[in-house]
Amino acid sequence: SDTLAPGEVVTGPTDSYTLDSVLGIGGMGIVYKALSGGGQTVVVKELLVDPDPAQHAENLRRFRREADVLMSLSRPAPFPECYGGAFQDNGKEFMAMEFIPGQDLEHILAATPGGKINQDKVLQIGIMVCDGLAVMHNHTHASGKPDPLVHRDIKPANVILKPAGDICILDVGIARPEKQTGATSARATRAGTYEYVAPEQVIGTPNTRSDIYSVAATLFHLVTGNCFQGDWDARLTEVDVMPNAWQPIFRRAIAKDHNLRPRNVGEFKQELVTLLPAHMRPLPTAVTAPAPLRPTTRNPIAIPVAAVVGAVAGSTAGVA
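Note that the structure is predicted; figures quoted are calculated from it, not measured. Residue indices follow the written sequence of each chain, beginning from 1 at its first position. Local features in this predicted model are restricted to residues whose pLDDT is 70 or higher, and side-chain atom pairs enter the listing and the counts only when it is 80 or higher, whereas totals over whole chains, interfaces and linings include all residues. Hydrogens and water are ignored here; the side-chain numbers use all heavy atoms of the structure.

S.K.: Explain the packing of aromatic side chains to me, please; I cannot follow it from the model alone.
M.R.: Aromatic ring pairs are defined here through the distance separating the ring centres and the angle between the ring planes. We call Phe, Tyr and Trp rings a pair once their centres come within 6.5 Å, taking the six-membered ring for Trp, and we label the pair stacked below 30 degrees between planes, edge-to-face above 60, and tilted otherwise. All chains considered together, the criterion is met by 6 aromatic pairs. For the pair tyrosine 194 and tryptophan 232, a centre-to-centre distance of 5.5 Å together with 65° between the ring planes defines the contact as edge-to-face. Here the residue tyrosine 194 occupies a position in the loop between α4 (182-187) and α5 (199-202), and tryptophan 232 occupies one in helix α7 (residues 232-238), the gap between them amounting to 38 residues. Working definition: with a 1.4 Å probe on protein chains only, accessible area under 20% of the residue-type maximum means buried, over 50% means exposed, and in between means partly exposed. For tyrosine 194, a relative accessible area of 39% puts it in the partly exposed group. One aromatic cluster is present, formed by Tyr17, Phe87 and Phe94 through successive ring pairs. Between arginine 235 and the ring centre of tyrosine 194, over which it is positioned, the NZ or CZ distance is 4.9 Å. Think of it this way: any DSSP run of H or I at least four residues long counts as a helix, any run of E at least two long counts as a strand, and we number them from the N terminus. For a Lys NZ or an Arg CZ to count as sitting over a ring, it must be within 6 Å of the ring centre and within 35 degrees of the ring normal.

S.K.: In this structure, what is going on with unusual backbone geometry? I would like to understand it.
M.R.: Trans peptide bonds make up most of the peptide bonds, and negative phi angles are found at most residues other than glycine. A cis amide bond links arginine 75 to the next residue, proline 76, at an omega of 0°. Counting through the fold element by element, proline 76 comes out in the loop between α1 (53-72) and β5 (87-89). A positive phi angle is found at asparagine 90, which is not glycine, with a value near 55°. The exposure class of asparagine 90 is exposed, given its relative accessible area of 71%. Positive phi outside glycine occurs at aspartate 171, with the angle close to 60°.

S.K.: Honestly, the sheet that holds strand β10 (residues 167-169) in this entry has me stumped. Any pointers?
M.R.: By way of backbone hydrogen bonds, the strands of a sheet pair with one another, either parallel or antiparallel. With antiparallel pairing, the 3 strands of this open sheet are ordered in space as β7-β9-β10. Both edges of this open sheet fall to β7 (103-104) and β10, since each of them pairs with a single strand only. Think of it this way: DSSP has to see at least two bridges between two strands before they count as a pair. The pairing of strand β9 (residues 159-161) with β10 spans 3 bridges and is classified as antiparallel. Looking at β10, one finds that leucine 161 is bridged to isoleucine 167. Pairs of residues are marked as contacts when any of their non-hydrogen atoms sit within 4.5 Å. Axes here mean lines fitted to C-alpha atoms, for a helix over just the part in contact, with angles spanning 0 to 180 degrees between N-to-C directions. Packed onto the sheet, helix α3 (residues 119-137) meets β9 and β10 and runs at close to 45° relative to β10.

S.K.: What am I meant to see in the pattern of salt bridges here?
M.R.: It is possible for side chains bearing opposite charge to pair when their charged atoms get close. Salt-bridge detection follows one rule: a side-chain nitrogen of Lys or Arg within 4 Å of a carboxyl oxygen of Asp or Glu. What the rule picks out here adds up to 14 salt bridges. Note that glutamate 66 is salt-bridged to lysine 45, the shortest N-O span being 3.0 Å. One end of the pair, glutamate 66, is in helix α1; the other, lysine 45, is in strand β4 (residues 41-47), and 21 residues separate them in sequence. As far as burial versus exposure is concerned, glutamate 66 and lysine 45 are alike and both buried. The closest approach of N and O atoms between arginine 251 and aspartate 240, which form a salt bridge, is 2.3 Å. One end of the pair, arginine 251, is in helix α8 (residues 247-253); the other, aspartate 240, is in the loop between α7 and α8, and 11 residues separate them in sequence. Through salt bridges with shared partners, a single ionic network connects Arg252, Arg263, Glu267 and Glu271.

Shown next as structure tokens:
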């Protein structure tokens, strides 16, 4: 499909965007660098029309799903911000997103001598990815009910390392609620990338612990220079090439039975923290104690437990 020319203007629900250059072309669409009406550098994604109507319908669903998920994630979080959701202009489907400087880990590996990344940096990346996934896994529905989202495609190509050293997680278009209908489960069976995917995800029953598996597989690639080569049983042996202290933690994280993995990404994050040198470990997030109540004879001192719990929950939502 022909790309839109530099200088063309795409109009969305909240702003207009002047296209500047093509950043990339994939199977589903074209990604442009653009300027918002206020002069801010943004990314505009255009969905291409697939000649197969059924495939186009699926691509459109995923495209709009990505916009909806990005719009629903609480901030701060290491995901691109989406401006106004998916929209149509001149018969084409678009979305406008935050421009993320930096390079994805797949390209960084390819450009790095030896094709691997410093061990401590790998752990720091893993900790930040866990913090980001915690936002998805603790997602709540508009009704206020818990609605955990599973990313389903954590891999080096979907994590950008930014110049300041923090990360951004991409491609939430195949993210899905943990609780699904049978029809959606059937449609989802092939999601993910085999070298990084958990066995239960391949049969269409992913859960939040499936993302833990994918994080571990991604970190394995970063620290060894190779992705997993074998099937799920063989991978437990492939872990032998990792640093000794890492091996039991990673064997647990890629257990075939998801019940044997860490219970949540927060637990896996804490295991990664223990592998860092003490001086590099993130400081525990301080919780501000509520002001003490002034005692009276009629009103005994009360400890507002809910306030403390809420403060702890809120303090762990962002990127370390």
